[in-house]
Amino acid sequence: MSPPSAMYNEPSTTLDSAPVKAGFDVKPVAINSNGNKTKTLAEMADKWEQGFTFAPIRESQVSRAMTRRYFNDLDTYAESDIVIVGAGSCGLSAAYMLGKARPDLKIAIIEASVSPGGGAWLGGQLFSAMVMRKPADAFLVDLGVPFEDEGDFVVVKHAALFTSTLLSKVLQFPNIKLFNATAVEDLITRSNPDGTLRIAGVVTNWTLVTMHHDDQSCMDPNTINAPVIISTTGHDGPFGAFCVKRLVSMQQIEKLGGMRGLDMNTAEDAIVKRTREVVPGLVVGGMELSEVDGANRMGPTFGAMALSGVKAAEEALKVFEERKRQNAY
Ligand code: AHZ
């Protein structure tokens, strides 16, 4: 039988002096549980048989360390400033720009898959290299991802190098929370005074729950309010183009144009140029946009995804500032 929680005191933590961002309940980094200096790897080397042991832990500490933070995040981000739906190359690029530009905003990323990154872990036909046409090399330079210059385009030696670097930068922003294994399964709407609708948040559920609505009784969702949503859920597929398909069924756009065949030259320009607020409160970027506009696909060239993310971040900030001015959340 486990002791009542009141009988067990967790050891106090020693906190370092990392600055905490005002306005966010971000916990400083704990160095270790009892204040003793952690051994270096060099000090551990060759001493595995002599006195090596992990610091003690109780299972409930692990549980509380996870759940307390997760529920605190759910509480904090229930009112977000910007929600990004889909953590593929476009959504993550938008998150990176927003995290850099606006440390004062609360930004939630909702990703249906357990593993964020969408289709950006590999190049075309499951090959490793990732191609970006210029001028998208500017994004790689900003991010610090090395590439080979081939003239009009550049090549990152492995798509995973791009995606892991982007992810690691995004996840380090204290004002960005990634909720992965979580699907957006509807949109929150509000009526404007003139009778039109605007999008005012997202409706979420664990992806595993979303996948079982057909064979289980009603499993109601959760919500996140936000004055602006960036949707980057990719082209149509089992989880793709979710938000724009929902815009059709809620009669906010008449129909989808449907993604067209592959034409690298026209497709990339079109996606970046048309990245915009498609209906009030919902900015659409990346390949989800090809489904709205009937734009061509580009296949395995990723520059448009990065720059569509950059533009989506800009557009979202304009919408956010306008909503703030109107006090319309
Ligand atoms: O899991 C999806 C993926 O990680 C996620 N997603 C989709 N529906 C969702 C939902 N809730 C939460 N309802 C959802 N998450 O969105 C992400 C989309 O990533 P992606 O890589 O598929 O899209 P992208 O637009 O960022 O990049 C497209 C890359 C492509 S496709 C393409 C072609 O087909 O020609 N070419 C390129 C460069």
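Residues numbered from 1 in each chain as written. Predicted model: local features only at pLDDT ≥ 70, side-chain atom pairs only at ≥ 80, totals over all residues. Heavy atoms only, no water.

- In the annotation of an unreviewed UniProt entry, the chain is listed under the name Thiamine thiazole synthase and assigned to Lachnellula hyalina.
- Turning to the chain, the UniProt record has this under Catalytic activity (unreviewed entry): "[ADP-thiazole synthase]-L-cysteine + glycine + NAD(+) = [ADP-thiazole synthase]-dehydroalanine + ADP-5-ethyl-4-methylthiazole-2-carboxylate + nicotinamide + 3 H2O + 2 H(+)".
- UniProt, in the comment section headed Subunit (unreviewed entry), describes the chain in these words: "Homooctamer." (UniProt positions renumbered as here; feature names shortened; annotations may be inferred.)

### Considering the overall build of the chain
Part 1 of the reasoning: Secondary structure summary: the chain contains 10 helices and 14 strands in total.
Part 2 of the reasoning: Looking at the chain residue by residue over its 329 residues, the buried ones come to 42%.
Part 3 of the reasoning: In the chain, 69% of the contacts between residues at least 6 apart in sequence involve partners at least 24 apart.
Part 4 of the reasoning: Put simply, the chain shows about 17,600 Å² of open surface, and 56% of that area lies on carbon and sulfur atoms. (Helix = DSSP H or I, 4+ residues; strand = E, 2+ residues; numbered from the N terminus. Buried < 20%, exposed > 50% of the residue type's maximum accessible area, 1.4 Å probe, protein only. Contact = heavy atoms within 4.5 Å. Areas by Shrake-Rupley, 256 points an atom, 1.4 Å probe, with all protein chains shown as cover.)

### Some remarks on helix α3 (residues 89-101)
Part 1 of the reasoning: Look at α3: 18 Å from first C-alpha to last across 13 residues, which is about the 18 Å you get at 1.5 Å a residue.
Part 2 of the reasoning: The element α3 is largely enclosed, with a buried count of 10 among its 13 residues.
Part 3 of the reasoning: Of all the residues in α3, the buried ones are S89, C90, G91, L92, S93, A94, A95, Y96, L98 and G99. (Expected span 1.5 Å × (residues − 1).)

### Comments concerning the site of the ligand
Part 1 of the reasoning: Contacts to the ligand come from 27 residues, most closely from E111, G119, F239, R297 and G299.
Part 2 of the reasoning: Backbone polar atom of S89 to an oxygen atom of the ligand: 3.3 Å apart, as the coordinates give it.
Part 3 of the reasoning: M287 has a polar backbone atom sitting 2.9 Å from an oxygen atom of the ligand.
Part 4 of the reasoning: Contact with the protein chains hides 90% of the accessible area of the ligand, taken as 800 Å² for the molecule alone.
Part 5 of the reasoning: A per-element tally of the shell around the ligand places strand β7 (residues 182-191) first, with three residues.
Part 6 of the reasoning: Residue classes in the shell around the ligand are distributed as 12 nonpolar, 13 polar and two charged. (Near = heavy atom within 4 Å. Polar contact = N/O pair within 3.5 Å; in protein donor to acceptor, adjacent residues only side chain to side chain. Nonpolar A, V, L, I, M, F, W, Y, C, P; charged D, E, K, R; others polar.)

### Brief notes about the UniProt feature "modified residue: 2,3-didehydroalanine (Cys)" (unreviewed entry) in the chain
Part 1 of the reasoning: According to UniProt, the "modified residue: 2,3-didehydroalanine (Cys)" (unreviewed entry) feature falls on C218.
Part 2 of the reasoning: For C218, the location among the structural elements is in the loop between α6 (207-210) and β9 (222-225).
Part 3 of the reasoning: Judged by its relative accessible area of 67%, C218 is exposed.

### Focus: the pairing of strand β3 (residues 130-133)
Residues in a regular strand point their side chains to alternate faces of the sheet.
Part 1 of the reasoning: By the alternation rule, side chains of β3 split into M130 and M132, which are all buried, and V131 and R133, of which none is buried.
Part 2 of the reasoning: Sheet topology places β3 next to strand β5 (residues 153-156); four bridges connect them, and they run antiparallel. Residue R133 lies in a different strand from β5, and its bridge partner there is F153. (Pairing = 2+ DSSP bridges.)

### Considering the sheet that holds strand β10 (residues 228-231)
Part 1 of the reasoning: Read from one edge of the open sheet, six strands run β6-β2-β1-β10-β13-β12, paired in mixed fashion. Edge positions in the open sheet fall to β6 (176-180) and β12 (276-279), since each of these has one partner strand only. Strand-to-strand twist of the sheet, defined as the mean angle between neighbouring strand axes without regard to direction, takes the value 25°.
Part 2 of the reasoning: Alignment of strand β2 (residues 107-111) against β6, held across five bridges, turns out to be parallel. Looking at β6, one finds that I110 is bridged to F179.
Part 3 of the reasoning: Packed onto the sheet, α3 meets β1 (82-85), β2, β6 and β10 and runs at close to 160° relative to β1.
Part 4 of the reasoning: The strands that helix α10 (residues 303-326) touches are β1, β10, β12 and β13 (282-284); relative to β10, the one it contacts most, it runs at about 165°. (Axes fitted to C-alpha atoms, helices over the stretch in contact; angles between N-to-C directions.)

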